[in-house]
Each structure stands twice: as C-alpha cells, then as structure tokens.
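# Survey of secondary and tertiary structure
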Amino acid sequence: MHTSEDIINKTILFVKETLTNAEGGHDWFHIERVYKNSLLIAKKEPVDLFIVSLSALLHDIADSKFHNGDETIGPKIAREFLFKLNVDSKVIEHVIKIIENISFKSSLSAGRGRNEAQKFKSLELDVVQDADRLDAIGAIGIARTFNYGGFKNRALYNPEIKPHLNMTSEEYKSSTAPTINHFYEKLLLLKDKMNTKTGKQLADKRHDFMELYLNQFYSEWEGNA
C-alpha cells in the first residue's frame with residue numbers, strides 16, 4: 001500500500017520525466033513553482049493537502065495548447081497514473097475535476113448564450129488555481145508570456161492590433177494576437193480573479209510589477225526611454 005508521501009514522490013518523478021522536453025513556460029519548473037505556491041496558500045485554507053499536491057503536480061501534464069486543443073488528454077493521463085498507484089477513487093475524481101477546471105479559459109463565457117464553462121468548485125481548486133495564476137503574472141509571468149509568444153512565432157507588439165476584451169473561451173483558444181495583447185486579455189485580469197486571501201495579496205505585488213513593465217515597454221517603443 002502506497003503512503004501519501006510515496007504517491008506524491010512518485011508523481012513528482014512521473015511529471016519530471018513526462019515534461020522533459022516541454023516548452024519553457026509549461027515545463028517541470030512551472031509545475032514545481034505552482035506546487036510550492038499551492039502549499040504556501042494552503043497553509044491558511046482548510047483543504048486536503050494530498051488533493052492539492054496531486055492536482056498542482058498533474059495540472060499541466062498534457063496542456064491542451066500542445067495537443068491540438070484536446071482538453072481530454074491531460075485528465076486521461078492523470079487518471080490512469082493515479083489509478084495505477086491505487087489512489088482512492090474519490091481523490092482521483094476530485095483531482096481530475098480540478099485539472100479540468102483550473103484554466104483561465106474555464107472562467108470565460110462559452111459563448112452562444114451558454115453558461116460559464118467552469119461548473120465545478122472546491123476549496124482545493126481555489127488554492128491550486130490561485131497558485132497557477134500567480135505563475136502567469138509578475139516577472140515570471142512576463143517571461144513565460146514572451147517565451148510562449150516566441151514559441152508560436154507571434155509579434156511582440158503591433159499598435160494596430162487592439163486587445164480583444166471579453167473573449168469567449170473558444171476565441172481565447174484560437175487567438176494569434178501579439179504577445180503584449182495577452183497582458184490585457186488575460187494577465188492583468190487575474191488579480192481580480194484570485195480566490196484566496198493569500199493569493200490576492202501575492203497577486204497585488206505581481207500585478208503592480210506588470211504595470212511598471214508595460215509603462216517602460218511603451219516608453220521604449222516610442223523612443224522616449
């Protein structure tokens with residue numbers, strides 16, 4: 001019988017191996033940062049640490065962005081892995097629900113008059129979602145955003161292409177806009193979407209840093225700095 005600690009250690013090894021050649025913003029180090037932030041936030045929340053840990057470690061095991069938009073692969077891989085370790089079925093189902101609902105696009109309207117995409121809610125999801133969103137903002141968030149933009153061969157900035165606000169989840173998934181637009185379409189919105197008190201406090205500082213960065217960026221773009 002595997003102990004909780006044993007399962008977490010095996011999960012860490014599995015994720016490291018699986019994401020060996022992953023894009024720099026969605027690699028093991030991203031997972032590790034989300035895992036650490038999850039544990040930090042969880043200290044002040046009445047949550048199941050085992051579920052939080054497994055969800056943080058497995059949340060990006062197969063990001064749909066790198067699998068032709070297929071959102072079923074990640075949950076499938078996570079489910080099969082946890083099943084092999086004989087993890088309790090209720091824990092597995094909770095972890096899978098968190099993986100399915102953690103993304104930013106899950107908080108967007110599905111369009112065509114449908115309800116919000118995110119239907120599942122739990123305190124554990126709140127914690128891991130905050131930790132994941134923290135890694136999308138601040139200094140690291142900026143680095144990850146430009147790294148992904150380069151990976152997709154996107155323009156840094158084009159003053160003629162305005163940010164598309166109030167996107168549906170489908171529009172968000174298919175966007176090919178310049179990287180700077182992503183700040184307005186996602187990153188600067190995350191501070192007000194945080195779930196926990198700790199998450200909000202950490203997000204405030206990172207949000208302020210992004211605004212400073214954008215001011216400097218535009219100043220340099222116009223040749224004023």
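One structure accompanies this document, and this report is about it. Keep in mind that what you see is a predicted model, and the values were worked out from it rather than measured. (Residues numbered from 1 in each chain as written. Predicted model: local features only at pLDDT ≥ 70, side-chain atom pairs only at ≥ 80, totals over all residues. Heavy atoms only, no water.)

### Observations concerning the overall build of the protein
What counts here: By the criteria applied, helices consist of DSSP H or I runs no shorter than four residues and strands consist of E runs no shorter than two, each listed in order from the N terminus. Summary of the burial criterion: residues with accessible area below 20% of their type's maximum are buried, those above 50% are exposed, and those between are partly exposed, where the area comes from a 1.4 Å probe applied to protein chains only. Should any heavy atoms of two residues lie within 4.5 Å, those residues are considered in contact. Only the protein chains shown count as cover for residues, with accessible areas throughout obtained via the Shrake-Rupley method and a probe of 1.4 Å.
Of the regular secondary structure elements, the protein holds ten helices and zero strands. Mapped from its N terminus to its C terminus, the protein presents α and β elements in the order α-α-α-α-α-α-α-α-α-α. With 225 residues in all, the protein has 48% of them scored as buried. Relative to all contacts within the protein whose residues are 6 or more apart in sequence, the contacts with residues 24 or more apart total 69%. Total accessible area on the protein stands at roughly 12200 Å², and carbon and sulfur atoms take up 51% of it.

### Looking at the pattern of salt bridges
Note the cut-off: Salt bridge, as used here, is a side-chain nitrogen of Lys or Arg placed within 4 Å of a carboxyl oxygen of Asp or Glu.
Across all of its chains, the model carries five salt bridges by this definition. The structure contains a network of salt bridges with shared partners spanning Arg-33, Asp-135 and Arg-144.

### Regarding helix α2 (residues 28-42)
For clarity, the threshold we go by: Here the expected length of a helix is defined as 1.5 Å per residue gap, with one fewer gap than residues.
The end-to-end C-alpha distance of α2, which contains 15 residues, comes to 21 Å, matching closely the 21 Å that a straight helix rising 1.5 Å per residue would cover. Residues of α2 that are buried make contact with α1 (4-18), α3 (49-58), α6 (123-134), α7 (138-151) and α10 (197-221).

### What about the packing of α1 against α3?
Inclusion rule: Structural elements are reduced to axes, namely lines fitted to C-alpha atoms, with helices fitted over the stretch in contact, and the angle between N-to-C directions of any two is expressed from 0 to 180 degrees. Working definition: roughly parallel below 35 degrees, roughly antiparallel above 145 degrees, roughly perpendicular at 65 to 115 degrees, and oblique for all remaining angles. Residue type decides the class: Asp, Glu, Lys and Arg count as charged, Ala, Val, Leu, Ile, Met, Phe, Trp, Tyr, Cys and Pro as nonpolar, and the leftover types, Gly among them, as polar.
Contact geometry of α1 with α3 gives a least axis separation of 10 Å together with a crossing angle of 5 degrees. Accordingly, the angle class assigned to the pair α1 and α3 is roughly parallel. Where α1 approaches α3, its residues Ser-4, Ile-7, Ile-8, Thr-11, Ile-12, Phe-14 and Val-15 are matched on the opposing element by Phe-50, Ser-53, Leu-54, Leu-57 and Leu-58. Grouping the amino acids of the contact of α1 with α3 by side-chain chemistry returns nine nonpolar, three polar and no charged.

### Here's the deal with the packing of α3 against helix α5 (residues 89-101)
Rules: Each crossing is labelled by how the near helix is turned from the far one, with a counterclockwise turn of less than a right angle marking it left-handed and a clockwise turn marking it right-handed.
Look at α3 against α5: their axes get within 9 Å of each other, and the N-to-C directions meet at 45 degrees. Overall, the two elements α3 and α5 adopt an arrangement that is oblique. In terms of crossing hand, the pair formed by α3 and α5 is right-handed. Facing α3, whose interface residues are Phe-50, Ile-51, Leu-54, Ser-55 and Leu-58, α5 presents Val-91, His-94, Val-95, Ile-98 and Ile-99. Classifying every residue of the contact of α3 with α5 by side-chain character gives eight nonpolar, two polar and no charged.

### Observations regarding the environment of Arg-133
You can see Arg-133 is positioned in helix α6. By relative accessible area, which is 6% here, Arg-133 ends up buried.

### Side note on unusual backbone geometry
Here Asn-86, not a glycine, exhibits a phi torsion of approximately 60 degrees, which is positive. Within the secondary structure, Asn-86 sits in the loop between α4 (73-84) and α5.

### What to know about the side chain of His-207
Tracing the backbone through its elements, the reader meets His-207 in helix α10. Accessibility expressed as a relative area gives 8% for His-207, which makes it buried. With residues up to four places along the chain from it excluded, the contact list for His-207 reads Leu-188 and Lys-191.

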